[in-house]
Amino acid sequence: MKNKNFLRPALVTGGILLVPLLGQWPWGVGDFVIMGILLMATGLMIEFVLTQVKGTNHRIAVVLTVLAAFFVIWAQLAVGLITKGFWGLECLADRGVSQLVDCANDVRRTEY
């Protein structure tokens, strides 16, 4: 991999991670490490797509897919959006698929 293909994601990752650092967000070292890995991996995947995928429409589609995956993982790590009631997966894991209706009712009653 060319150095510039690694340098751009590294600089963007560092710049984005300065926001919570300078903003004094209540993040621990682990939060910065996980977010750094997630941002860097996303940036490297986008760099790979931009250099290897031919055709503008294909590039756009793959980059949007990578970004969508990033945002889903970020939301899950930040607030447990998926497993804590958004789709009721935690309830299904506890009760099983046979209790799907009960889980759906519990999710509707949950206040956000």
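These numbers were taken from a predicted model, which means no experiment stands behind them. (Residues numbered from 1 in each chain as written. Predicted model: local features only at pLDDT ≥ 70, side-chain atom pairs only at ≥ 80, totals over all residues. Heavy atoms only, no water.)

With that out of the way, let us pick up helix H2 (residues 29-52). Spacing of three or four residues puts side chains on the same side of an α-helix, whose turn is 3.6 residues. Here H2 contains 24 residues, and its C-alpha end-to-end distance of 34 Å stays within 8% of the 34 Å for a straight helix at 1.5 Å per residue. Residues of H2 that are buried: Met35, Gly36, Leu38, Leu39, Met40, Thr42, Gly43, Ile46, Glu47 and Val49. (Helix = DSSP H or I, 4+ residues; strand = E, 2+ residues; numbered from the N terminus. Expected span 1.5 Å × (residues − 1). Buried < 20%, exposed > 50% of the residue type's maximum accessible area, 1.4 Å probe, protein only.)

The residue Gln24 is not glycine, and still its phi comes out positive at about 55°. You can call Gln24 exposed: its relative accessible area is 70%.

For the structure on display, the rule yields five aromatic pairs. Where Phe70 meets Phe71, the ring centres are 5.1 Å apart and the plane angle is 70°; that geometry is what we call edge-to-face. By relative accessible area, Phe70 is classed as buried at 9%. Phe71 gets classed as partly exposed once you look at its relative accessible area, which sits at 45%. (Phe/Tyr/Trp six-rings, centres within 6.5 Å; stacked < 30°, edge-to-face > 60°.)

Looking now at the confidence of the model for the chain. Summarising the model, the chain shows a mean pLDDT of 80, and 68% of its residues fall at 70 or more. Mean pLDDT across the elements of the chain bottoms out in helix H4 (residues 82-86) (54) and peaks in H2 (93). (pLDDT = per-residue confidence, 0-100.)

Turning our attention to a nonpolar patch on the surface. On the surface, Leu18, Leu21 and Leu22 cluster together to form a nonpolar patch covering roughly 320 Å² of accessible area. When you line up the elements, Leu21 lands in helix H1 (residues 3-22). (Patch = residues over 30% accessible without salt bridge, like charges linked within 9 Å, V, L, I, M, F, W, Y side chains within 5 Å. Areas by Shrake-Rupley, 256 points an atom, 1.4 Å probe, with all protein chains shown as cover. Salt bridge = Lys/Arg side-chain N within 4 Å of Asp/Glu carboxyl O.)

Between H1 and H2, the least distance of the axes is 9 Å, while the angle of their chain directions is 145°. Every pair of crossing elements has a handedness; the one defined by H1 and H2 is right-handed. Along its contact with H1, which presents Asn5, Phe6, Arg8, Pro9, Ala10, Thr13, Ile16, Leu17, Pro20 and Leu21, the element H2 presents Phe32, Met35, Gly36, Leu39, Met40, Gly43, Leu44, Glu47 and Thr51. For the contact of H1 with H2, the residue count by class is 12 nonpolar, five polar and two charged. (Axes fitted to C-alpha atoms, helices over the stretch in contact; angles between N-to-C directions. Left-handed = near helix turned anticlockwise from the far one by under 90°. Contact = heavy atoms within 4.5 Å. Nonpolar A, V, L, I, M, F, W, Y, C, P; charged D, E, K, R; others polar.)

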